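# An overview of the molecular structure
Residue-level listing of the chains:
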Amino acid sequence: MNIVVCVKQVPASSDVKIDPVTGVLIRDGNNTKMNPYDLYGLETALRIKEQNSAIIKTISMGPTPAKAVLEESLWMGCDESLLISDRKFGGADVVATAYTLSQGIRKLGDFDLIICGKQTTDGDTAQVGAEIAEYLQIPHIAYVEKVLEVTDEYIVVRASMDKTIETFKVKLPCLITIDKGHITPRLPSYKRGKELNHIDIPIVTFADVIDQDETHYGLKGSPTQVEKMFPPTKNTDKTIINGSVQEQVDILTEILKNKKYV
Amino acid sequence: MAKKLIINQEKVNQETIDAVMKVCPFGGLEYVDGKLNFTAGCKNCGLCAKKGPAGLVTEVIEQDQTPKIDKSLWRGVSVFIETDLDGVHPVSYELIGKAKELASVIKHPVYAILIGSKIKNDQYVDEILAYGVDKVYIYEDSAYQEFNIERYAKCVEDFINKIKPTVVLYGGTPLGRSFAPRIAAHFRTGLTADCTRLGMKENTDLIQVRPAFGGNVMAQIVCPNNRPQMSTVRYKIFPMPQKVTPFGEKVYMDVTDLDKSSNIDTIEVKVKEKIQDISEAEVIIACGRAFKTKEDLQMAEELANLLGGVVAVTRPLVEAGWKDAKYQIGLSGRTVAPKLIINLGISGAVQFTAGMNGSELIISINDNPSAAIFDVSHYGIVGDIYKIVPNLIACIKNAKGLK
């Protein structure tokens, strides 16, 4: 069976501040890492591979340094990787990102199962997986906690909903998004990394994708626009209680009394 | 009109490269083979032109070739009604309240989309009308008895094709967050996740505000040339609207030709153990990173008991394994809006505050006088929780006549 895992390189820290005067984003360092949820997606794929004969291909979209996360996936035990990278893909929102990834996945050939992390820690939308599934016209299940059974025709997965835990049997090909479950992602193998040292990760550019309509990609293919960014609003109507600990506690108790909590 | 960024290669030197790289927060530029280029990371934000070395990157306005859509063809602010084992999810009613506000700006009608079996729909439709929607569009079939993402998507697609609403809102529940993106991709339209504020422009563009970059920045997002515009909003972000004397209409949609096949079989549904739900609590004691050990949470439990509340925590405490994720407040946890919340040793990242700033009375204790939590608080106490909380517990016990 062919498994595709989508991974993304994200900033290692989300400590971004915005200068209230200039409106410029101030990002703390330029370190990056693999989106943590993708590690669970990879681990899920690798465990399926241990039980069934499977080939795992990883795919990512981003600037060339994003090769690092694909390399990491190979070191963990995946078989092939593909990077989708082109200036024309830049500035993509969810719709354009999901569409570009779906085009990249088509370049990988036949697939039975696509696995995504439930969300990325930089975008936090949790929408890309479901949109890829729609573009590929396959069913999807989000927030999967556990894969219970895998056959050539279907998989059985358990997902956590608001008030229920539901088990679904889904025909293949399908897409699942993985929540942090009870599994621990394995570490990349240094030995494997050494062996793979010479492997170069191919890049798919705009010229390589099947759909050559530029208005479907990047900024042009993005229906949403960020009009502005601003610091979170502050509540100006606040009272700071000063004094010794005893004085502070006395005032606080008084407030709670007035509100009838005490 | 779209802006295009152009790099003037003759201005490229080590100094300008260093300067411009610092300005770009997205890694959107790279210097390869003696040329400075944009990478796929470029968000076209124009910061390099505005804040970078003068003349290195210039912004030119490019005549937009994309044909403009006729926005007047899209009318109505609609809400996807989510139902579960307890009936209509209250987030759907909260969205109806917001939809009425948005619709009044542009004088559009408010619609609800109800999908289900006849028995269930009959049970729910009158209550939906009581929140003051103009029309409830009803899709009824035994195949719709339980939620099925493929079958339900066919109904919403049919609704959008026939009615052409300008806005569709969905609850930011696990179901809504999984369902709405399929519809968005189908129509190649914008869907903004987890909005914390919605507004309406007179030209019918929906103003969508959501936290970005882990919640340290708010982003205002619009979808200016695609319809319908769609958003998800978490439960308890907007207030519950008042009921009115129903005036709306029930519209039964023809479902005979809709595809009811599915590749997904639900083979088991287990109701989660009913736990104390923090989003329903009236008093919450929220604990953050100032707590040094798991055992120290005991003092928060004691305070919660005295005030008739429950203890909740921030994300780091859940990650440390001190408390189950069900008790986590924030964008990646639960949104709460209790009558009283006392924040103990919480710094106040937006990721947390966006999940609780609808609370009626917010009291925060933190030893850092410039902690962001004070900016969303009604009362702030600068101090050490290890000194204040035990003292407060003693004071309350005293006031209650307990020893």
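What counts and how
- Residues numbered from 1 in each chain as written.
- Chains lettered and ligands numbered in written order.
- Predicted model: local features only at pLDDT ≥ 70, side-chain atom pairs only at ≥ 80, totals over all residues.
- Heavy atoms only, no water.
- Pairing = 2+ DSSP bridges.
- Helix = DSSP H or I, 4+ residues; strand = E, 2+ residues; numbered from the N terminus.
- Axes fitted to C-alpha atoms, helices over the stretch in contact; angles between N-to-C directions.
- Domains from an automatic or database assignment.
- Contact = heavy atoms within 4.5 Å.
- Buried area = accessible area lost by both parts, 1.4 Å probe.
- Expected span 1.5 Å × (residues − 1).
- Bend = angle between axes of the 7 residues up to and from the residue.
- 1 Å grid on protein atoms, 1.4 Å probe; cavity = no way out; pocket = protein on both sides within 12 Å on 5 of 7 lines; lining within 4 Å.
- Points joined across faces, edges and corners; volume = space filled by probe spheres on them.
- Nonpolar A, V, L, I, M, F, W, Y, C, P; charged D, E, K, R; others polar.
- Salt bridge = Lys/Arg side-chain N within 4 Å of Asp/Glu carboxyl O.
- Buried < 20%, exposed > 50% of the residue type's maximum accessible area, 1.4 Å probe, protein only.
- Parallel < 35°, antiparallel > 145°, perpendicular 65-115°, else oblique.
- Left-handed = near helix turned anticlockwise from the far one by under 90°.
- Patch = residues over 30% accessible without salt bridge, like charges linked within 9 Å, V, L, I, M, F, W, Y side chains within 5 Å.
- Areas by Shrake-Rupley, 256 points an atom, 1.4 Å probe, with all protein chains shown as cover.
- Core = buried A, V, L, I, M, F, W, Y, C linked by side-chain atoms within 4.5 Å.
- Polar contact = N/O pair within 3.5 Å; in protein donor to acceptor, adjacent residues only side chain to side chain.
- Phe/Tyr/Trp six-rings, centres within 6.5 Å; stacked < 30°, edge-to-face > 60°.

### Looking at the sheet that holds strand β14 (residues 217-222) of chain B
Here four strands make up an open sheet; going across it, the order is β14(A)-β14(B)-β13(B)-β12(B) and the pairing antiparallel. Here the strands that pair on one side only, and so sit at the sheet edges, are β14 (225-230) of chain A together with β12 (197-200) of chain B. Averaged over all adjacent pairs, the angle separating strand axes in this sheet is 25°, with direction ignored. With five bridges joining them, strand β13 (residues 206-212) of chain B and β14(B) adopt antiparallel strand pairing.

### Brief notes about the domain arrangement of chain B
Note: interface size is frequently given as the accessible area lost on complex formation between the parts. Residues and elements named next belong to chain B. Under the domain assignment, chain B is made up of domain 1 (2-62), domain 2 (71-252) and domain 3 (278-399). The distance between the C-alpha centroids of domain 2 and domain 3 comes to 32 Å. Contact residues are listed per partner, giving ten residues for domain 2 and nine residues for domain 3. For the pair domain 2 and domain 3, the summed buried surface comes to about 860 Å²; carbon and sulfur atoms form 54% of the total.

### A few points about helix α4 (residues 118-130) of chain B
Residues and elements named next belong to chain B. Over its 13 residues, α4 runs 19 Å from end to end, which matches the ideal 18 Å to within 8%, given 1.5 Å per residue. Y124 marks the point of greatest bend in α4, at about 30°. On its buried side, α4 packs onto β6 (83-84), β7 (87-88), α3 (90-106), β8 (110-116), β9 (135-140) and β16 (249-252). Directly beyond the C-terminal end of α4, a positive phi value near 90° is found at G132.

### Details of empty space enclosed by the protein
Enumeration over the complete set of coordinates arrives at two cavities of 30 Å³ or more. If you add up the space inside the second largest cavity, you get close to 80 Å³. Looking at the lining of the second largest cavity, its residues break down into nine nonpolar, three polar and one charged.

### A word on the interface of chain B and chain A
Of the residues lining the interface, 94 residues belong to chain B; the matching set on chain A comes to 82 residues. Together chain B and chain A conceal approximately 8,000 Å² of surface at their shared face, both sides included; 58% is due to carbon and sulfur atoms. Scanning the region where chain B abuts chain A turns up five salt bridges. The partner of K163(A) in a salt bridge is D86(B), with the nearest N and O atoms 3.1 Å apart.

### Focus on the pairing of β13(B)
Residues and elements named next belong to chain B. Summarising burial for β13: seven of the seven residues are buried, a large majority. Of the two faces of β13, the one lined by L206, Q208, R210 and A212 and the one lined by I207, V209 and P211 are each fully buried. The pairing of β12 with β13 spans four bridges and is antiparallel. Across the sheet, residue L198 finds its bridge partner in β13, namely Q208.

### Here we look at the packing of helix α5 (residues 149-163) of chain B against helix α6 (residues 174-187) of chain B
Residues and elements named next belong to chain B. For the pair α5 and α6, the least separation of the axes is 10 Å and the interaxial angle reads 50°. Between α5 and α6, the angle is such that the two are oblique. Where α5 crosses over α6, the handedness of that crossing is right-handed. Across from I149, Y152, A153, V156, E157, I160 and N161 in α5, the residues of α6 making contact are S178, F179, R182, I183, H186 and F187. Considered class by class, the residues forming the contact of α5 with α6 number eight nonpolar, three polar and two charged.

### Let's talk about a nonpolar patch on the surface
Among the surface-exposed residues, L85(B), V269(B) and V271(B) lie close enough to one another that they form a single nonpolar patch of about 270 Å² accessible area. Looking at the secondary structure, you find V269(B) in strand β17 (residues 264-271).

### Remarks on the nonpolar core
In this structure, I3(A), I176(A) and Y139(B) are the most contacted members of the largest nonpolar core, which totals 66 residues. No other element matches α5(B), which puts seven residues into this core. Beyond its immediate chain neighbours, meaning those up to four positions away, I3(A) contacts A45(A), I48(A), A54(A), I55(A), I56(A), K57(A), L113(A) and I115(A). In terms of nonpolar packing, the next biggest core, distinct from the first, is built from 35 residues, L252(A), I255(A), L303(B) and I342(B) among them.

### Considerations on α5(B)
Residues and elements named next belong to chain B. Taking 1.5 Å per residue as the helical rise, α5 with its 15 residues ought to reach 21 Å, and the 21 Å between its terminal C-alpha atoms agrees with that figure. The complete set of buried residues in α5 reads I149, E150, Y152, A153, C155, V156, E157, D158, F159 and I160. For α5, the capping residue at the N-terminal end is N148, with a side-chain oxygen 2.9 Å from the backbone nitrogen of E150. Once α5 ends, the next one or two residues include K164, with phi positive near 50°.

### Focus on the sheet that holds strand β22 (residues 379-382) of chain B
On the basis of which strands lie adjacent, the open sheet formed by six strands has the order β15(A)-β22(B)-β21(B)-β20(B)-β18(B)-β19(B) and parallel pairing. Two strands close off the open sheet at either side, each with one partner strand: β15 (239-241) of chain A together with β19 (310-313) of chain B. Shown here is a sheet whose adjacent strand axes are inclined to one another by a mean of 20°, direction ignored. Where strand β18 (residues 283-287) of chain B meets strand β20 (residues 340-344) of chain B, five bridges bridge the pair, whose relative direction is parallel. Opposite I284(B), over in β20(B), you have I341(B) as the bridge partner. Sitting on the sheet, helix α6 (residues 245-258) of chain A is in contact with β15 of chain A together with β20, β21 (361-366) and β22 of chain B, with an inclination near 165° to β21(B).

### With respect to unusual backbone geometry
Note the cis peptide between L172(A) and P173(A), where omega equals 0°. Along the chain, P173(A) falls in the loop between β11 (164-171) and β12 (174-178). Cis rather than trans, the peptide bond between R227(B) and P228(B) has omega equal to -5°. Assignment of secondary structure puts P228(B) in the loop between β14 and β15 (229-233). At K260(A), a position not held by glycine, the phi torsion is positive, near 65°.

### Describing the packing of aromatic side chains
All chains considered together, the criterion is met by 16 aromatic pairs over all chains. Consider the rings of F89(A) and Y217(A), whose centres lie 5.3 Å apart with planes at 45°: the pair is tilted. Of this pair, F89(A) sits in the loop between β7 (80-84) and α3 (94-107) while Y217(A) sits in the loop between β13 (203-204) and β14; the two residues are 128 residues apart in sequence, bridging distant segments of the chain. Across this residue pair, the class does not change: F89(A) and Y217(A) are buried. Ring centres of F291(B) and Y386(B) lie 6.4 Å apart, and the angle between their planes is 55°; this geometry places the pair in the tilted category. Here the residue F291(B) occupies a position in the loop between β18 and α7 (297-307), and Y386(B) occupies one in helix α10 (residues 385-399), the gap between them amounting to 95 residues. Given a relative accessible area of 3%, F291(B) falls into the buried group. Pairwise contacts between aromatic rings join F80(B), Y144(B), F147(B), Y152(B), Y170(B) and F179(B) into one cluster.

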